Amino acid sequence: VQLQASGGGLVQAGGSLRLACAASGRTFANYGMGWFRQTPGKEREFVAAISWASGARTLYSDTVKGRFTISRDNAKNTVYLQMNSLKPEDTAVYYCAADQVGLGSRSLGAYEFWGQGTEVTVSS
């Protein structure tokens, strides 16, 4: 599967952005999907994940829980990350990823496919 992330940009603290990750292929519904982020000099970190099909299972990092929401639209082969109440420390390049097992995971190693990243900058 190929992934294309979009929706990044510059926003003021307290604002919102919605990231989208469009997937190729007809088996998108079978994949667990995740969002990760990375800043220069730091490791890529988990943000959110959603399980396959209906996305009944979602996971969030403690730093974004209550502010970010992950969702999926299988008809559009797209996973979304709605980011509200953004903070300067949310500034990063955000990556989407697909997991063939389908559960969604906090672990980078669980994901076989990665998108190219979309940059989010939150100004104070």
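All figures in this text were calculated on a predicted structure; none of them were measured in a lab. (Residues numbered from 1 in each chain as written. Predicted model: local features only at pLDDT ≥ 70, side-chain atom pairs only at ≥ 80, totals over all residues. Heavy atoms only, no water.)

Observations regarding the overall build of the protein chain
The number of helices and strands found in the protein chain is zero helices and 11 strands. Secondary structure of the protein chain in N-to-C order comes out as β-β-β-β-β-β-β-β-β-β-β. Over its C-alpha atoms, taken along the principal directions, the protein chain stretches across nearly 40 × 30 × 25 Å. In the protein chain, buried positions account for 45% of the 124 residues. When contacts within the protein chain are restricted to residue pairs at least 6 apart in sequence, those whose partners lie at least 24 apart make up 59%. Entry remark: accessible area of the protein chain is about 6,300 Å², with carbon and sulfur atoms responsible for 48%. (Helix = DSSP H or I, 4+ residues; strand = E, 2+ residues; numbered from the N terminus. Buried < 20%, exposed > 50% of the residue type's maximum accessible area, 1.4 Å probe, protein only. Contact = heavy atoms within 4.5 Å. Areas by Shrake-Rupley, 256 points an atom, 1.4 Å probe, with all protein chains shown as cover.)

Some remarks on the pattern of salt bridges
Enumeration over the complete set of coordinates arrives at three salt bridges. Close ionic contact of Asp90 with Arg67 constitutes a salt bridge, the shortest N to O distance being 2.7 Å. Of this pair, Asp90 sits in the loop between strand 8 (78-83) and strand 9 (92-99) while Arg67 sits in the loop between strand 6 (58-60) and strand 7 (68-73), and the two are 23 residues apart along the sequence. Owing to a relative accessible area of 0%, Asp90 belongs among the buried residues under this scheme. Taking relative accessible area as the criterion, Arg67 reaches 11% and is therefore assigned buried. In this structure, a network of salt bridges that share partners links the residues Arg37, Glu45, Arg67 and Asp90. (Salt bridge = Lys/Arg side-chain N within 4 Å of Asp/Glu carboxyl O.)

A word on the pairing of strand 7
By the alternation rule, side chains of strand 7 split into Phe68, Ile70 and Arg72, which are all buried, and Thr69, Ser71 and Asp73, of which none is buried. In this structure, the hairpin formed by strand 7 and strand 8 is closed by a connection of four residues, where Asn77 is found at a positive phi of approximately 50°. (Pairing = 2+ DSSP bridges.)

Description of the sheet that holds strand 8
Pairing within the open sheet is antiparallel, and its four strands lie in the order 1-3-8-7. Among the strands making up the open sheet, the edge pair consists of strand 1 (3-6) and strand 7. Within this sheet the neighbouring strands show an average axis-to-axis angle of 15°, counted without direction. Where strand 7 lies against strand 8, six bridges are found, and the strand directions are antiparallel. Bridge pairing in strand 8 links Ile70 to Leu81. (Axes fitted to C-alpha atoms, helices over the stretch in contact; angles between N-to-C directions.)

Description of the state of the cysteines
Think of a disulfide as a covalent bridge from one cysteine sulfur atom to another cysteine sulfur atom. Overall, the coordinates contain one disulfide when judged by the stated rule. Residue pairing for Cys21: its cysteine sulfur links by disulfide to Cys96, the two sulfurs lying 2.1 Å apart. Note on the Cys21 and Cys96 pair: the S-S dihedral is about 60°, so by sign convention the disulfide is right-handed. Of the two residues, Cys21 is situated in strand 3 (residues 17-23) and Cys96 in strand 9; the sequence distance between them amounts to 75 residues. (Disulfide = S-S within 2.5 Å.)

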